[in-house]
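Here's the letter readout for the chains.
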Amino acid sequence: MATAGTAPLTRRPDATLDVAAIRRDFPILGTRVDGKPLVYLDNAATSQKPLVVIEAVRKFLAEENANIHRGVHFLSERATLAFDAVRDEARDFLNAPAAHEVIFVRGTTEAINLVAQSYGRTTLRPGDEILLTTMEHHSNIVPWQLVAGQTGAVVRAIPITDAGEVDLDAYRKMLSPRTRIVGVVHISNALGTINPVAEMTRLAHEVGAVVLVDGAQAAPHMRVDVQALGCDFYACSGHKVFGPTGVGILWGRTALLDAMPPWQGGGDMIHTVSFSGSTYAALPAKFEAGTPAIAEVIGLGAALRYIRGIGFEAIGAWEHELLSRATELVRAVPGVRLIGTAREKAGVLSFTLEGVHPHDLGTILDADGVAIRAGHHCAQPVMERFGVHATARASFAFYNTLEEIDVLVRGLHRAREVFA
Ligand SMILES: Cc1ncc(COP(=O)(O)O)c(C=O)c1O
């Protein structure tokens, strides 16, 4: 069963991808590493960029560059129109009710810090509770610890099971009128788990808490529908959805965003300024102080159009196939322990190989041209939960192939021989 508000990760007969053609859209995938073809399996860290994104950024910088919202001249007006159009595309991408609820930020990290410092800091009282799943990325933990320190609120961790799923019974028991905020990652970058966000939100709302969803890993892989999810805030990063770095999206409900104070002051976010006091602009400008990442936002727009053009049904089906094959073959390598075996999983495979440190494994695979990630993946509480210091992580995107998984698996066998 798929999580409500997301495209199901099941194979559909009508969902086919021409992976060879898609790969031609990504020039970097033609890279050779010491003569071997690059096998890029580090997509959870950042994804590669299609030509349409590269070209959109180039064209903007070469032909259209100007600051937005302030000029009456030709270029500024054109840049403003292009920038504002991306807000509409982002609204559509998330199925948000209104474009003014889309705030452009630097990325997921900044989005969560914004909510913690604006919403959290002004509403939390001593003894209030912030519930976060044990599988959160550090960027959905530390901002809450900071605001807890400022307000006297308490951060509590919702346990996860041995399979890497949220323990829903424990979560239900932890919810109380003290719960003010629930933070949940839509897809875990360390485990691949797809969380039951709609259900968790419904339960949180029963006790009057607001829910922030970290969608950094979900936005590139499944159709996100914030209205179906029912959450209050949703955060994601441009560079993980095949767009540029330095740009991301915070979506929030109008009523909440309207009531929240600005978190950064400066140009563009004001209505009037005088030394006796300032008044603030309406949404979304209130939360977008200073010159934004204009070229990057334009690039993000191209990325959103590109992935929607491919379609999340086809993406989900192909990534499901990649994950199934990788899980089967990697699991069969002697000494492998999979970390994260949830029933609902996206294309992330975290594992350890007995006798081989994940960093050594990363180095051995690199010699084969295979890029994976080794470490704690900014999710140290997950590592602690599973009693490991680090894992090796292969993470997939729709441009990966079954042959690339075979190269990965051959590399794992080779690593075993090297360390035998
Ligand atoms: C689940 C999750 N949340 C948040 C982040 C932080 O994203 P960014 O560094 O783009 O702000 C990441 C990045 O890896 C992530 O995987």
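Residues numbered from 1 in each chain as written. Predicted model: local features only at pLDDT ≥ 70, side-chain atom pairs only at ≥ 80, totals over all residues. Heavy atoms only, no water.

## Things to note about the side chain of Glu64
- Within the secondary structure layout, Glu64 lies in helix 2 (residues 51–64).
- For Glu64, a relative accessible area of 15% puts it in the buried group.
- Leave out the neighbours within four places in its chain, and Glu64 touches Lys59, Leu75, Arg78 and Ala79. (Helix = DSSP H or I, 4+ residues; strand = E, 2+ residues; numbered from the N terminus. Buried < 20%, exposed > 50% of the residue type's maximum accessible area, 1.4 Å probe, protein only. Contact = heavy atoms within 4.5 Å.)

## As for the site of the ligand
- The full set close to the ligand counts 14 residues, and Thr109, Asp214, Gln217, Ser237 and Lys240 are the nearest of them.
- Thr108 places a main-chain nitrogen or oxygen 3.4 Å from an oxygen atom of the ligand.
- Note that an oxygen atom of the ligand is positioned 3.5 Å from one of the side-chain N or O atoms of His137.
- Contact with the protein chains covers 85% of the free accessible surface of the ligand, which is 390 Å².
- Taken atom by atom, the bulk of the ligand overlaps the largest pocket.
- Among the residues forming the shell around the ligand, the class breakdown is three nonpolar, nine polar and two charged. (Near = heavy atom within 4 Å. Polar contact = N/O pair within 3.5 Å; in protein donor to acceptor, adjacent residues only side chain to side chain. Areas by Shrake-Rupley, 256 points an atom, 1.4 Å probe, with all protein chains shown as cover. 1 Å grid on protein atoms, 1.4 Å probe; cavity = no way out; pocket = protein on both sides within 12 Å on 5 of 7 lines; lining within 4 Å. Sits in = over half its atoms within 2 Å of the grid points. Nonpolar A, V, L, I, M, F, W, Y, C, P; charged D, E, K, R; others polar.)

## Points about the layout of surface pockets
- In this structure, the largest pocket encloses a volume near 400 Å³.
- Lining the largest pocket we find 26 residues, and of these Ala45, His137, His239, Lys240 and Cys378 sit closest to its centre.
- Elements with a minimum of two residues in the lining of the largest pocket: helix 4 (108–123) and strand 16 (373–375).
- Taken together, the residues that form the lining of the largest pocket break down as seven nonpolar, 13 polar and six charged. (Points joined across faces, edges and corners; volume = space filled by probe spheres on them.)

## Considerations on helix 3 (residues 74–94)
- If you check helix 3, its first and last C-alpha atoms are 31 Å apart, about what 21 residues at 1.5 Å a residue would give, namely 30 Å.
- Looking only at helix 3, the buried set comprises Ser76, Ala79, Thr80, Phe83, Val86, Arg87, Ala90, Phe93 and Leu94. Looking straight down helix 3, one finds that the buried residues subtend no more than 140 degrees of arc, so they occupy a single side. Of the exposed residues in helix 3, those oriented more than 90 degrees away from the buried face are Phe74 and Leu81.
- Immediately downstream of helix 3, the backbone of Asn95 shows phi near 50 degrees, a positive value. (Expected span 1.5 Å × (residues − 1). Arc of directions from axis to C-beta.)

## Concerning empty space enclosed by the protein
- Tallied over the full model, the rule gives one cavity of 30 Å³ or more.
- Put simply, the largest cavity is a space of about 40 Å³.
- Taken together, Asn43, Ala44, Ile187, Gln217, His221, Ala346, Gly347, Val348, Ser395 and Phe396 make up the full set of residues lining the largest cavity.
- Per-class residue counts for the lining of the largest cavity are five nonpolar, five polar and no charged.
- Domain assignment of the residues forming the lining of the largest cavity places at least three in each of domain 1 (19–49 + 311–418) and domain 2 (56–307). (Domains from an automatic or database assignment.)

## Looking at the domain arrangement of the protein
- When its domains are assigned, the protein resolves into domain 1 (19–49 + 311–418) and domain 2 (56–307).
- Residue-level contacts link 38 residues of domain 1 with 34 residues of domain 2.
- Taken over both partners, the interface formed by domain 1 and domain 2 buries close to 2,900 Å², and the fraction arising from carbon and sulfur atoms is 55%.
- By the criterion of area lost to domain 2, the three top residues of domain 1 are Phe312, Cys378 and Arg385, representing 21% of everything that side buries.
- There are two salt bridges connecting domain 1 and domain 2.
- Measuring nitrogen to oxygen at the nearest pair gives 2.6 Å for the salt bridge that ties Glu165 to Arg343.
- In this assembly, domain 1 and domain 2 are joined by 27 residue pairs in polar contact (both at pLDDT 80 or more).
- Of all the secondary structure elements, the ones that give two or more residues to the side of domain 1 that touches domain 2 are helix 11 (312–331), strand 14 (348–353) and helix 13 (380–385).
- Of the residues forming the side of domain 1 that touches domain 2, the biggest block, five residues, is contributed by helix 13.
- Of the residues contributing to the side of domain 1 that touches domain 2, the split by class is 20 nonpolar, ten polar and eight charged. (Buried area = accessible area lost by both parts, 1.4 Å probe. Salt bridge = Lys/Arg side-chain N within 4 Å of Asp/Glu carboxyl O.)

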